[in-house]
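These are the residues of each chain, in order.
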Amino acid sequence: MTDSPTRPLPEDVFSGTARGRAGRLGVVVVHDIVTAIVTGELPEKSMLPIEADLSVHFGVSRTVVREAMRSIEEKGLVTVVRGSGTTVRHRDSWNLLDPVVLQVMLENDASLGVLDDLAIVRSALEGAMAAAVAGRRTPSEVDQLDHAFQRMAETIDDIDGFSDADMAFHTAVMSFSHIPLAEGITKTLYSRARESARFTRNATKAAFDATLEEHKNILDSIREGDAAGAEAAMRHHIMESWERRRPPTTRKP
């Protein structure tokens, strides 16, 4: 048996009320427990309440709780030992690319440190992918990127249309790079970030004009086969684009 204390069920740890109906019960349980762990309400080495107590708290069957705990364990947040209980693991063990873990981290990103890190990772990966495209681009791929760029220019006065065209341009670069691992990681980061209002703020004409010019520089470098230029242009765009959107908060150390 572990010496770590079993965590009780105070109102401030989970949502405080049993929630949900069939179909979303497991999703709710997973989200609430992951949130409690990510925010530190359930700190490292603490033990979660036993299955029966969680079942009562969430108003779900023990089967739902069991499946939820299996999912959370697969995300690296807890260790489940039959007969000993469920213990919260150190952050180093978490799968930070898991969609639920990433979503919860973004939901609780008060300092925007997660979004800052996300921009750095994206700039590195997408910069490398842009360089790869420039090094082996085909006329057809250049035409498709040009089409995506033209679509951005045509929708510059349409927030949703411009955003979709912008994403189409980036998605095309990822695909044409033929680096599936980098593409998969970047798509996960980008799709989750776009769900955050703080990531998509500052949709001004000036911001769109700057974004369009930056995409032109990326496209021109790819068209010319300038790998170093394409990488630099993509890195510059991603970091500058985030700086234009970033709300004024204290940056993490």
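Conventions and cut-offs
The residue numbering used here restarts from 1 in each chain and proceeds along that chain's sequence as written. Predicted model: local features are reported for residues with pLDDT of at least 70 only, side-chain atom pairs are reported and counted for 80 or more only, and whole-chain, interface and lining totals are derived from all residues. With hydrogens and water set aside, each side-chain value is computed from the structure's full complement of heavy atoms. Numbering of helices and strands starts at the N terminus; helices are DSSP runs of H or I of at least 4 residues and strands are runs of E of at least 2. Accessibility here uses a 1.4 Å probe with only protein chains present; expressed as a share of the type maximum, an area under 20% marks a residue as buried, one over 50% as exposed, and anything in between as partly exposed. In this description, contact between two residues means that some pair of their heavy atoms is separated by no more than 4.5 Å. Expected span of a helix, by definition, is 1.5 Å for each gap between consecutive residues, and there is one gap fewer than residues. The directions from the helix axis to the C-beta atoms are what the arc is built from. Two aromatic rings, drawn from Phe, Tyr or Trp (for Trp, its six-membered ring), form a pair once their centres lie within 6.5 Å of each other, and the interplanar angle then sorts them: stacked below 30 degrees, edge-to-face above 60, tilted otherwise. In this scheme, the term charge over a ring applies when either NZ of a lysine or CZ of an arginine sits within 6 Å of the ring centre and within 35 degrees of the ring normal. To get an axis, fit a line to the C-alpha atoms, keeping to the stretch in contact for a helix; angles then go from 0 to 180 degrees between the N-to-C directions. Comment on the angle field: the value is read as roughly parallel under 35 degrees, roughly antiparallel over 145, roughly perpendicular from 65 to 115, and oblique elsewhere. Two helices cross in a left-handed way if the nearer one is turned anticlockwise from the farther one by less than a right angle. They cross in a right-handed way if the turn is clockwise. We call a set of buried Ala, Val, Leu, Ile, Met, Phe, Trp, Tyr and Cys residues a nonpolar core when their side-chain atoms join them within 4.5 Å. Contacts described as polar in this section are N or O atom pairs within 3.5 Å, which, within protein, must combine one atom able to donate a hydrogen with one able to accept it, while residues neighboring in sequence count only if both atoms come from side chains.

Along its length, the protein chain carries 10 helices and 2 strands. For the protein chain, the N- to C-terminal ordering of α and β elements is α-α-α-β-β-α-α-α-α-α-α-α. Evaluated residue by residue, the protein chain yields a buried proportion of 43% over its 253 residues. Counting contacts in the protein chain only where the partners sit at least 6 residues apart, residues at least 24 apart contribute 73% of the total.

Attention now goes to helix H3 (residues 62-74). With 13 residues, H3 ought to run about 18 Å at 1.5 Å a step, and its terminal C-alpha atoms sit 18 Å apart, in line with that. Within the span of H3, buried status applies to Val65, Ala68, Met69 and Ile72. Axial view of H3: buried residues confined to an arc of 100°, hence all on one face. For H3, the elements touching its buried residues are helix H1 (25-38), helix H2 (51-58), strand E1 (78-81) and strand E2 (85-88).

Glancing now at the packing of aromatic side chains. Per the stated rule, a full pass over the model turns up 1 aromatic pair. With a centroid separation of 4.3 Å and 15° between ring planes, the pair formed by Phe162 and Phe208 is classed as stacked. With Phe162 in helix H7 (residues 159-177) and Phe208 in helix H9 (residues 205-223), the pair connects residues that are 46 residues apart, well separated along the chain. For the pair formed by Phe162 and Phe208, the shared burial category is buried. The side chain of Arg122 reaches across the aromatic face of Tyr190, ending 4.3 Å from its centre.

In the contact formed by helix H6 (residues 139-154) and H7, the axes pass within 8 Å of each other and the chain directions differ by 165°. Taken together, the axis directions place H6 and H7 in an arrangement best described as roughly antiparallel. H6 and H7 meet at a crossing whose hand is left-handed. Here Glu141, Gln144, Leu145, Ala148, Phe149, Arg151 and Met152 of H6 lie close against H7, whose contacting residues are Phe162, Ala165, Asp166, Phe169, Ala172, Val173 and Phe176.

Let's shift gears to unusual backbone geometry. Glycine aside, negative phi is the norm for most residues, and most peptide bonds take the trans geometry. Of note, the phi angle at Leu112 is positive, near 65°, even though the residue is not glycine. Judged by its relative accessible area of 0%, Leu112 falls in the buried class. Although it is not a glycine, His178 adopts a positive phi angle of roughly 55°. Assignment of secondary structure puts His178 in the loop between H7 and helix H8 (180-193). What makes His178 exposed here is its relative accessible area of 53%.

This paragraph deals with the nonpolar core. In summary, soluble globular proteins display a tendency toward joint burial of nonpolar side chains. Formed by 34 residues in total, the largest nonpolar core has its most connected members in Ile33, Ile37, Met69, Ile72 and Leu77. Looking at this core, the elements with two or more residues in it are H1, H2, H3, helix H4 (99-107), helix H5 (113-136) and H8. Examining the composition of this core, we find that 8 residues originate from one element, H1, more than from any other. Discounting residues that sit within four places of it in the chain, Met69 has contacts with Ile33, Leu48, Leu54, Val78, Val80 and Thr86. Core analysis: the second largest hydrophobic core is formed by 23 residues, Val133, Ala148, Ile156 and Leu219 among them.

Now for the side chain of Ser123. Relative to the helices and strands, Ser123 is located in helix H5. Of the polar contacts made by the side chain of Ser123, one reaches the backbone oxygen of Ile120; its length is 2.8 Å. The residues contacting Ser123, other than those within four sequence positions of it, are Arg235, Ile238 and Met239.

Function-wise, these values are silent; they only describe arrangement.
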